[in-house]
Amino acid sequence: MQELTAMANRLFSLPMEEKLKIDITKSTNHRGYGTFSTEQLDPSKPGDYKETFDMQCHLEKDHPLVKAGHPLRGPNVHPDIEGWKELLETHYKDMQAMALQLLRALALAIGIDENFFVSKFVEPLSVFRMIHYPALPEEKGRVVCGAHTDYGIVTLLYQDTVGGLQVRNLDGEWMDAPPVEGSFVVNIGDMMAMWSNERYKTTSHRVLNPGVERISMPFFCEPNPEVEIECLPHCHSAENPAKFPVVKAGDWLQKRFQQTYAYRGEV
Ligand SMILES: O=C(O)CCC(=O)C(=O)O
Ligand SMILES: [Fe+2]
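Residues numbered from 1 in each chain as written. Chains lettered and ligands numbered in written order. Predicted model: local features only at pLDDT ≥ 70, side-chain atom pairs only at ≥ 80, totals over all residues. Heavy atoms only, no water.

A. A look at helix 1 (residues 2-12). Every buried residue of helix 1 is accounted for by Leu 4, Thr 5, Met 7, Ala 8, Leu 11 and Phe 12. Mapping the buried residues of helix 1 onto a view down its axis gives an arc of 160°, with all of them on the same face. For helix 1, the exposed residues lying more than 90 degrees away from the buried face are Gln 2 and Glu 3. (Buried < 20%, exposed > 50% of the residue type's maximum accessible area, 1.4 Å probe, protein only. Helix = DSSP H or I, 4+ residues; strand = E, 2+ residues; numbered from the N terminus. Arc of directions from axis to C-beta.)

B. Focus on the sheet that holds strand 1 (residues 32-34). Across the sheet, 6 strands lie side by side as 1-2-3-10-5-8; this open sheet has antiparallel pairing. Only two strands of the sheet have a single partner each, and these edge strands are strand 1 and strand 8 (185-188). The average angle at which neighbouring strand axes cross in this sheet is 20°, direction not considered. Where strand 5 (residues 154-159) meets strand 8, 4 bridges bridge the pair, whose relative direction is antiparallel. Considered in strand 8, the bridge of Leu 157 is made with Val 185. (Pairing = 2+ DSSP bridges. Axes fitted to C-alpha atoms, helices over the stretch in contact; angles between N-to-C directions.)

C. Here's a closer look at the layout of surface pockets. Taken as a whole, the largest pocket encloses approximately 320 Å³ of empty space. Around the largest pocket, the lining comprises 16 residues; the ones closest to its centre are Tyr 158, Gln 159, Val 180, Glu 181 and Gly 182. Top contributing element to the lining of the largest pocket by residue count: strand 5, with 3 residues. For the lining of the largest pocket, the per-class residue count stands at 9 nonpolar, 5 polar and 2 charged. Considered as a void within the structure, the second largest pocket measures approximately 210 Å³ in volume. (1 Å grid on protein atoms, 1.4 Å probe; cavity = no way out; pocket = protein on both sides within 12 Å on 5 of 7 lines; lining within 4 Å. Points joined across faces, edges and corners; volume = space filled by probe spheres on them. Nonpolar A, V, L, I, M, F, W, Y, C, P; charged D, E, K, R; others polar.)

D. Broad picture of empty space enclosed by the protein. All told, the structure shown has 2 cavities of 30 Å³ or more when counted by the stated rule. What lines the largest cavity is a set of 27 residues, and nearest its centre among them are Arg 129, His 148, Asp 150, Pro 218 and Phe 220. Counting only elements with at least two residues in the lining of the largest cavity, the list comes to strand 3 (127-133), strand 4 (143-148), strand 5, strand 9 (205-208) and strand 10 (214-221). Across the lining of the largest cavity, the residue classes break down as 13 nonpolar, 7 polar and 7 charged.

E. Region of the structure containing the pattern of salt bridges. Enumeration according to the criterion identifies 8 salt bridges in this entry. With a shortest N-O distance of 3.4 Å, Lys 26 and Asp 23 are connected by a salt bridge. Accessibility expressed as a relative area gives 68% for Lys 26, which makes it exposed. For Asp 54, the salt bridge identified is with Arg 129, shortest N-O distance 3.0 Å. Taken together, the residues span a long stretch of sequence, with Asp 54 in strand 2 (residues 51-55) and Arg 129 in strand 3 at a distance of 75 residues. (Salt bridge = Lys/Arg side-chain N within 4 Å of Asp/Glu carboxyl O.)

F. Highlighting the sheet that holds strand 9. Across the sheet, which stays open at both edges, the 4 strands sit in the order 4-9-6-7 with antiparallel pairing between neighbours. Each having just a single partner strand, strand 4 and strand 7 (174-176) make up the two edges of the open sheet. With direction set aside, neighbouring strand axes in the sheet form an average angle of 25°. In this structure, strand 4 lies alongside strand 9, joined through 3 bridges in antiparallel fashion.

G. Structural detail: the packing of aromatic side chains. Going through the model one piece at a time under the given rule, you end up with 7 aromatic pairs. Arranged with centres 5.0 Å apart and planes meeting at 55°, the rings of Phe 117 and Trp 195 form a pair that is tilted. Taken together, the residues span a long stretch of sequence, with Phe 117 in the loop between helix 4 (84-109) and strand 3 and Trp 195 in helix 5 (residues 190-195) at a distance of 78 residues. The pair formed by Phe 117 and Trp 195 is uniform in burial state, with each residue classed as buried. Through successive ring pairs, a cluster of aromatic residues spans Phe 116, Phe 117 and Trp 195. (Phe/Tyr/Trp six-rings, centres within 6.5 Å; stacked < 30°, edge-to-face > 60°.)

Have a look at this one:
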C-alpha cells in the first residue's frame, strides 16, 4: 500500500491540465481522473471536496461486450507515470482475489455454497479508486465526502493514518472509524443487503476533513453486470418475505452512478 500511496501522491500532484487528460467525465465507461465536485454522494449537500482516480476490469476495445456498447465496459485509462499501469492492474487483481476470499466466508455464514458468490464475479464490475482530500485547515470537520451507502457487494477500504472516516451505527449515531495499521475497513453495499434480505446490512458512512491532507483507496467489489440480485435461499421465509425487487447488477450500478455524477445523467 505504501507503493500505491506514493503513486497516488504523484498523480494528484501533477498539474491540473495533465490530470484532465484522463478526465472521467470525458470517458464513456466511467474511468480516469475526477476533479473536485465531480461526484456528489449526498445530493442534499454541495459537491464533495476531493479528487479521484477510478479504474475497473480492463477489456480491450475489440472485446464483444465493449463492441456491444455496454455503458460501463472498456479499457482503463492510466496517467503517464512510470510503473503506474503495471502496479495498478496487479493491485486490482489482488484486491478482487481478497474480496472473493471474504465472500466465501460470507457465503458459508449464511449456509449457502462456498463458491456461490465467487461464480458471479467473472469479468466483474468492481472498481478500484484512489481519493485525495486536500487539507482544509480553516474548515476542519467539514463533510468532504457526503453520507452514503456503497452500491455494490462489499467494499474494502484502505485509509492512511490521518482519520476522518465515520460510520453510522444501528442507533443512527455517527462514530469515528479510526485507521488501524495494516487493515481495511469492510463496508457492506446495497446489493449485498438486497441479496441477503438485510442479513448483511449496509453501513452508511461519510468523511469529515481532518484539517490535513488525506488519501484513501476503496475497492468496490461488484459482480458481473448480468447477475440477478435475487433474495438468497436461507434469507427469506413465510414470516420474512423478500424485501427487495429482483434487479440486474449492471442496471443497479448504472442507476446509482447517474444519481451521484451529473455527467452520467447524459448518457
Ligand atoms: O475516503 C473514505 O474513507 C471513504 C470513501 C468512500 O466512502 C467512497 O468513496 O465510497
Ligand atoms: Fe463509500
